[in-house]
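# Observations on the three-dimensional arrangement
Listed below, chain by chain, are the residues.
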Amino acid sequence: MRVFASLRSVVSALFHRSLVENEIEEELRAHIQDRANDLERSGVPRAEAERRARLEFGGYEKYKEEIREAQGTHFLETLIQDLRFGLRMLRKSPGFTAVAILTLALGIGANAAIFTMMNGLMLHTLPVRDPRQLVEILHHYPDDPEPGFNGFSWDAYQIMRDGNHVLSDLVIGSLNVYVVGGHALESQTVFGGNVGGTFFESLGVRPAIGRLIGPLDIKDSSAVAVVSWSFWKSRFNLNPSIVGEKIIASGTPVTIIGVTQRGFYGLSNQAQQDIWLPFSLGDRSSPGFSVGLLGRLKPGVSIQQARADLATLFQTANDRPDANPFMRRMELRIAPAGNGVSTPVSQMLSTPLTALMATVALLLLLACANLAVLLLARGASRQHEMAVRVCLGAARARLLRQTLTESLLLSLIGSALGIFLAYFAADGLIRLFASGRFIMGLPVRFDVLKHPDTRVLLFTGTIALLTGLLCGAAPAMSASNTIPASALQPGSKIGETKRQRLFGKGLVASQVALSLVLVSLAGLFVGYLSQLRNHLGFERNNLLLVTLDFAQSGYNASQFSHLSQELVMRLNAIPGVSSATFSSVSPMEGPGASSFAFAEDHPEKTTPVSINYIAPDYFETYGTPFLAGRDFSAPDQAGSRVAIVNEAAARECFGNGNPIGRHITLSHITLTKGEKTYEVVGVVGDAKYNDLKQPAPPTIYADLLQEGFIGSQLAIRTRIDPGGVVSAVRQAEADVLKAVPIVRMMGMNEQIDSTIVPQRLIATLSAGFGVLGALLAAIGLYALLAYTVAGRTHEIGVRMALGAAGTDVIRIVLRDAVWMVCAGLAIGAPLAFWGKRVAASLIPNLPVAGPFPIVLAAAIMIAVGLIAVYLPARRAMRVDPLVALRYE
Amino acid sequence: MPERAQILPGTLDLLILKAVSLGPLYGYGILLRIEQISQGALLIEQGALYPALFRLVRQGLLKAHWDTSENNRRTKFYELTSAGRKRLRQEEEGWNRLVAAIASALKAQPEEI
């Protein structure tokens, strides 16, 4: 009851400040008035009565102040006082303030940036019914940590749907890209989905208008589509006549039958899905048919149970004789889909973001330690001030609060700046993601990844508060423990205890340790990136890639053969171009054809191989060496089937024998049945095919023109920067292939980089964090040494007066520094090794063998330490004994 | 006018509680009541009354409300809460014990030791 009353009085005091103030005034005046009236009644003249009444009342303002204190508004007022004082102190030392705020802004900003993206990517739940029950059914290569692929044959779908005991529902719903157009619409690339008849019902999505796709649409193979509310709004201005409207989705004319409810955007937080079509039942027996599957777990069923149950059924499906042999190598994975299904964006980002979140947490810890050192150093220089305040009667708790207020103020300003920085950092990172393969040019909703929502602000506010408390705690304790007697002694060595000094040094050592971890991880990731970008098996510089779209051209194979050779001749005539060639795919463009190969005399030993269909001069253009045999040539086009194999394929199929002139048979070429036999005419060096992270796969190169295929990839080797020939290439292409538009033109380097976005992201950021970490450690070391030297000026002066040389003085400073750095390295090295192991578990193929990055990082930290020592050491050496001793 | 005694520190609260326990009062009225019940023997600096009143309200021993007084002016009245009544009883007992102890101490004669 009493607590309540006092609380109420505080609250009312806070909120009705002026009202309360007026009431106090009114009450006190009434008192004086009453007294004056009484005095007047007893015969005192009015003026005299009022004077006496005021006099008897006593110090009017003093009592008002006491009343205010008695009311409990004290806290707020002291807080404002503390804040004002804190701000004044920060303004007084702008250098310190700038370094401190920047340190925190970078630390907190990095955390906010990464958390914003994680939030957008992994923490939002989909706006559907019971999103937590949703799971995605995926298949993946054994030991591949990537989420995998959501595509299953009709048989596999039916077997899993009908035989499982763990799902209440298994529906078809995949994420696709459509080019949507029509007579009233401008063509636009949007995300959409191929869905089954129970998709919307299972998700609990209702139509805003019209109806949604149902089982009948699948059975009748209706040419219908459902669009999203936002599509309806942006393209049809919410006009109800949309129902019945005919549009074209990726070449198929469909009729819109309805619009999904407002707020539903599909199965991914980053990819706004705008159109859904019924999947085509008619294609189910074709070898390329596949459907994406979304399951709903029965209540109480765990992911592991679901996986165990479904994996058996998946196996059953794959054991059927007509199943695709590729699928037999795959394993089943069940992934929670409540936060969205795996998309190119989420696949690319979730692992790196998790790793980065850990890294930035480390960085923030480092920033904290750094600020604590700075505050301690500054606290030491403010001991005099604190001592005076203690002498003047300041309570120790009050000093504690004052110092904490200051550090909280710093962290608050730092985090405000950090959120600001985070927005731009996230923007920059998103630009990096947008250059990723399979994402480039798609309408991905990256904005969800950079806009801070309440959760982000809450997160940032919390870490700001923790940071402020954490880095302010030690300095605050030491400030409140000030012993006035020793601190106020003139010329006294700053009154700190041995423990405090050790604590400061320990902080710097821990900074060195943390930086060592950050720098060595950075070295690891940057090394990995450069390893990925090299040893490709082809020459990546000065190689221009042009993607052509023959779909609407109507060219047949012989026209293509003729025109492509003409174009290559035209291109070779461009100054700066040294050769040009066509192929069906270019390295790192995406998966091309694949099959199983066996040598003529070993049909029992099949090897999975990648296939590329190429025109003559392919290897010359890409810069892949011929090891034996010859290239394709014009006579091959009419002759029997010939192929060129790479070293890996030659080794797999023919062992150590000479493959030239022998025959190789390919079966199941990209999901087709039937076999083709080729005579091997050449062997080339291994070259990366589609994945930089994997060794070059066994690859068979067949003759594009002989097979009668059309190759949409044009590669041009230049002697100058590819940018210099772009316009001439465009001109030649437009002249020769009039009806064929250029889809894309980019350098090989760009194409390579588009496949290693996560690696680039990690390398870039970890390098940045490494530099930042080293910088912070340097600042910490510098600050501590600088203030030690300042505190020991007198001692140094005495030593010099007694004949110590400059080198002796430097030794004093250096000894401390060397100890701190060495201790830091000793603590940091095992941590760095551990960090390396964690990194290796997150990122497959990371070259973790060898201590090189850690040794390098240690060297860097020592160099950084020396730089940080330089200024304080010089200052110590320049101490003038006369000046130093005159202080006394 | 009788000789006035400066009140002991800490006894002001007790006096206020006692004065208010006799019926709701406004600030100046409390002063008058204390003078009246102490037969004018106690000297209180008038202003000191108010911080004490606010403190007692905050401690939940008194409650205050605005009302119109007999001469039709808006006035702040104080009255005792049940916690205040309890506190007053405790303080009274404590005070009486103290007074008895001090009085007996002062009455002591050399031969009693």
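Residues numbered from 1 in each chain as written. Chains lettered and ligands numbered in written order. Predicted model: local features only at pLDDT ≥ 70, side-chain atom pairs only at ≥ 80, totals over all residues. Heavy atoms only, no water.

## Remarks on the pattern of salt bridges
Two side chains carrying opposite charge are able to pair once their charged atoms lie near each other. Filter applied, for reference: Here a salt bridge means any side-chain nitrogen of Lys or Arg lying within 4 Å of a carboxyl oxygen belonging to Asp or Glu. Put simply, DSSP marks the helices as runs of H or I at least four residues long and the strands as runs of E at least two long, and each gets a number from the N terminus on. The buried label applies to any residue whose accessible area, calculated with a 1.4 Å probe on protein chains only, is under 20% of its type's maximum; exposed applies above 50%, and partly exposed to all values in between.
A full pass over the atoms with the stated rule returns 29 salt bridges over all chains. A salt bridge links Glu26(A) to Arg74(B); the nearest nitrogen and oxygen atoms lie 3.4 Å apart. Here Glu26(A) is found in helix 2 (residues 17-41), whereas its partner Arg74(B) is found in strand 5 (residues 74-80) on a different chain. Among the residues examined, Glu26(A) registers a relative accessible area of 31% and is labelled partly exposed. Measuring nitrogen to oxygen at the nearest pair gives 3.8 Å for the salt bridge that ties Asp82(A) to Arg401(A). Of this pair, Asp82(A) sits in helix 5 (residues 74-92) while Arg401(A) sits in helix 14 (residues 396-434), and the two are 319 residues apart along the sequence. When its relative accessible area of 1% is taken as the criterion, Asp82(A) is described as buried.

## A look at the interface of chain A and chain B
In many reports, interface size means the accessible area that the parts give up when they come together. Keep this limit in mind: Here, residues are in contact when the closest pair of their heavy atoms is within 4.5 Å. Two parts placed together each lose some accessible area under a 1.4 Å probe, and the buried area is that loss summed for both. Throughout this description, a polar contact denotes any pair of N or O atoms lying within 3.5 Å of each other; where both atoms belong to protein, one of them has to be capable of donating a hydrogen while the other can accept it, and for residues adjacent in sequence the pair is counted only when both atoms sit in side chains. Classification used: nonpolar for Ala, Val, Leu, Ile, Met, Phe, Trp, Tyr, Cys and Pro, charged for Asp, Glu, Lys and Arg, polar for all others including Gly.
Counting from both sides, the interface comprises 27 residues of chain A and, opposite them, 22 residues of chain B. Here chain A and chain B share an interface that buries about 2200 Å² over both sides, 53% of which is from carbon and sulfur atoms. Here Glu23(A) and Arg74(B) are joined by a salt bridge, their closest N and O atoms 4.0 Å apart. Counting across the chain A and chain B interface gives ten residue pairs in polar contact (both at pLDDT 80 or more). Looking at the side of chain A that touches chain B, the element that brings in the most residues is helix 2 of chain A, giving ten residues. Per-class residue counts for the side of chain A that touches chain B are ten nonpolar, seven polar and ten charged.

## A closer look at the side chain of Glu27(A)
Along the chain, Glu27(A) turns up in helix 2. Polar contacts involving the side chain of Glu27(A) include one to the side chain of Tyr78(B), which spans 2.4 Å.

## Quick notes on the confidence of the model for chain B
All names here are of chain B. Heads up, the condition is: A score between 0 and 100, pLDDT records how confident the predictor is in each residue.
With 90% of its residues at a pLDDT of at least 70, chain B reaches an overall mean of 81. Model confidence for chain B, summarised as mean pLDDT per element, is weakest for strand 1 (residues 5-6) at 62 and strongest for helix 4 (residues 82-107) at 88. The complex prediction reports pTM at 0.71, with the ipTM value standing at 0.86.

## Thoughts on the pairing of strand 18 (residues 663-667) of chain A
All names here are of chain A. To keep things clear, this is the line we draw: Strand pairing requires that DSSP identify at least two bridges connecting the strands.
With four of five residues buried, strand 18 is to be regarded as a mostly interior element. The pairing of strand 14 (residues 593-599) with strand 18 spans four bridges and is antiparallel. The residue of strand 18 that forms the bridge with Ala597 is Leu666. In terms of strand pairing, strand 18 meets strand 19 (residues 675-684) through five bridges, oriented antiparallel.

## Details of helix 3 (residues 49-58) of chain B
All names here are of chain B. Most of helix 3 sits out of view: seven of its ten residues are buried. Residues of helix 3 that are buried include every one of Leu49, Tyr50, Pro51, Ala52, Leu53, Phe54 and Leu56, and no others. Positive phi shows up at Gly60, right after helix 3, with a value of about 80 degrees.

## A few points about the packing of aromatic side chains
This is how the line gets drawn: For this analysis, a ring pair means two rings from Phe, Tyr or Trp (six-membered ring only for Trp) whose centres lie within 6.5 Å, classed as stacked if their planes differ by under 30 degrees, edge-to-face if by over 60, and tilted for the remaining angles. Our definition puts a charge over a ring when NZ of Lys or CZ of Arg is within 6 Å of the ring centre and also within 35 degrees of the ring normal.
Per the stated rule, a full pass over the model turns up 28 aromatic pairs over all chains. Ring centres of Phe57(A) and Tyr63(A) lie 6.1 Å apart, and the angle between their planes is 85 degrees; on these two criteria the pair is classed as edge-to-face. For Tyr63(A), a relative accessible area of 3% puts it in the buried group. When the centroid spacing of 5.7 Å and the interplanar angle of 80 degrees are considered together, the rings of Phe200(A) and Trp276(A) count as edge-to-face. You can see Phe200(A) sitting in helix 8 (residues 199-203) and its partner Trp276(A) sitting in strand 9 (residues 273-278), a full 76 residues away along the chain. Classification of Phe200(A) as buried rests on a relative accessible area of 1%. Pairwise contacts between aromatic rings join Phe538(A), Tyr618(A), Phe619(A), Tyr622(A), Phe626(A) and Tyr701(A) into one cluster. A cation over an aromatic ring shows up here: Arg641(A) above the ring of Tyr678(A), its NZ or CZ 6.0 Å from the ring centre. The ring of Trp66(B) has Arg74(B) sitting right over it, with the charged end atom 4.2 Å from the ring centre.

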